[in-house]
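Inside the fold
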Amino acid sequence: MIWWTRGLRSLISSDEEERLDLFRVFPGIRRFLAARHHYAYLRTAGDVLFIIVVVSGLFGPPDPERNFAVFLVWGLLWPAIVLSWFFTGRMWCGICPFPGLGIFLQRKGLSLNLPVPGLLKKYGVYTAVFLLALVIWVEIVAGLDRSPMGTSWLVLSIVAGSALLALLFTGQSWCRHLCPLGRISGAAATLSITEFRPDHEKCRGCETFGCYRGVDGRSGCPVYLGAYGVQNNLHCLVCGHCLVLCHRDSPRLLLRNPYSELIRNKGRYITCTYIVPFLIGSQLARFLRHHELYARLRDLLSLSDPFAFSLLLVTGFVLILGIIRFGTYLFGISEDPMFGKFAPMVPIFIPMAFTGELVHRLDVFAGGLGDFIPTIGRQFHLDVLSGLAFHIPDFPVQIMSAFFMLNGAIAGSYILWRFCLEDFEGVVRLGNFIVINLMIFVLLIAYLAVIF
Ligand code: SF4
Ligand code: SF4
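Residues numbered from 1 in each chain as written. Chains lettered and ligands numbered in written order. Predicted model: local features only at pLDDT ≥ 70, side-chain atom pairs only at ≥ 80, totals over all residues. Heavy atoms only, no water.

**Comments concerning empty space enclosed by the protein**
Under the counting rule described, the total for this entry stands at 9 cavities of 30 Å³ or more. Estimates place the volume of the largest cavity at around 250 Å³. In terms of lining, the largest cavity is formed by 19 residues, of which the most central are V73, W74, W78, F98 and L181. Considering every element that reaches the lining of the largest cavity, the biggest residue donor is helix α5 (residues 69-88), with 5 residues. (1 Å grid on protein atoms, 1.4 Å probe; cavity = no way out; pocket = protein on both sides within 12 Å on 5 of 7 lines; lining within 4 Å. Points joined across faces, edges and corners; volume = space filled by probe spheres on them. Helix = DSSP H or I, 4+ residues; strand = E, 2+ residues; numbered from the N terminus.)

What follows is the structure, encoded as structure tokens:
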């Protein structure tokens, strides 16, 4: 069978045996990831980009119409990262510049190299989700996405957090346990069309565990997994670091059905349990904030914008959390003797949560793209660039957004159907099955109402 038909089959098949190993079909991908200098180049390019953003933000004009750093971060970089989740999972984290300073300090021997404490392993996830909520809240309330200086301080504070943990602990403990962007990327990566996994047949009997421990003075996996320990897309950075450490050529990059991991995980991971309702609630609040109705209500109640938005954000989060709880009640089961507690509504809503994030970021991208080059012109006094301004009309962007959201809703229904036909056959009552589908539909309508 030719590779592309096998590729198509792996995207739609629910049989894990059908997954296509991209390293076998395209050995160049494996060679690229294994050649560490390629990663070094990419990381250096990322570091330079961040330095430019920070310098421009701190020392450039405070007006976002005259400082390109703001749109570069919020309009180009962040939407590109969000889009990459759907194709390459957490691969962005492999080249992310945030841990660069910490890695540099560790290489200079400035780390205490302590083992990661149990407290961080256990509660890091809650802190990371809280930090993510804080970033989204501050982005809107403090107008971070319009502030060059604020953007720079956000970048610097994440670099500082990462460097502090690198000074204390071995490896990239920030990336594994505390990074808010890493958490959201990990949760989103669970619906990526690719996954990095070991070939367990090849790992059987391995005595070196080089992928985890390191080999010949080369350190092991930076996030304490190693290829053999990768069971889902939540934590692996797809950095390729372990490719050269494995003497049995075990790691694979598989093309897969993007919903297979969500169906297998069944919402067992705490990361998604809180990120999903927060994202959906915050997206509805973020879109609603641009509506006339929001302005009218805010004026009617004499509320300040930060307070009104915070209220909307909390209401959205609590509402979606309530919907998820109610859906779980209708589903009829949330604990299994084999794999313990789970939240079936979380994987059902994950596609909408992340397509919603993509739609919101595309909105920012489309809204500011036409003025990006003129902004560079205004910042560097190149008047000739101001003639390159253009405007992307709202309607095509809204139609594309609606199409993405429709896909997210269909994916949620598909996951519910697969639950009811496979693992939970005979568990969900027909009436409840219909109501859960209706809940997905109502959420879709709510998204479309705030997008248009
Ligand atoms: S991935 Fe390679 S090094 Fe790691 S356990 Fe498997 S065979 Fe051993
Ligand atoms: S398992 Fe391999 S690819 Fe994944 S983070 Fe660890 S070293 Fe990188």
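**A look at the domain arrangement of the chain**
By a widely used convention, the size of an interface equals the accessible area lost when the partners come together. As far as domains go, the chain holds domain 1 (18-258) and domain 2 (269-451). Centre-to-centre separation of domain 1 and domain 2, based on C-alpha positions: 24 Å. In this complex, domain 1 contributes 38 residues to the contact, which on the side of domain 2 involves 35 residues. Counting the surface lost from both domain 1 and domain 2, the interface buries some 3,200 Å², and carbon and sulfur atoms represent 76% of this. Three residues, F68, F71 and I140, lead the burial of domain 1 against domain 2; their summed loss comes to 18% of the area buried on that side. Our count for the contact surface shared by domain 1 and domain 2 stands at 1 salt bridge. Residue E139 pairs with R361 through a salt bridge whose shortest N-O separation is 3.0 Å. For the interface between domain 1 and domain 2, the tally reads 7 residue pairs in polar contact (both at pLDDT 80 or more). (Domains from an automatic or database assignment. Contact = heavy atoms within 4.5 Å. Buried area = accessible area lost by both parts, 1.4 Å probe. Salt bridge = Lys/Arg side-chain N within 4 Å of Asp/Glu carboxyl O. Polar contact = N/O pair within 3.5 Å; in protein donor to acceptor, adjacent residues only side chain to side chain.)

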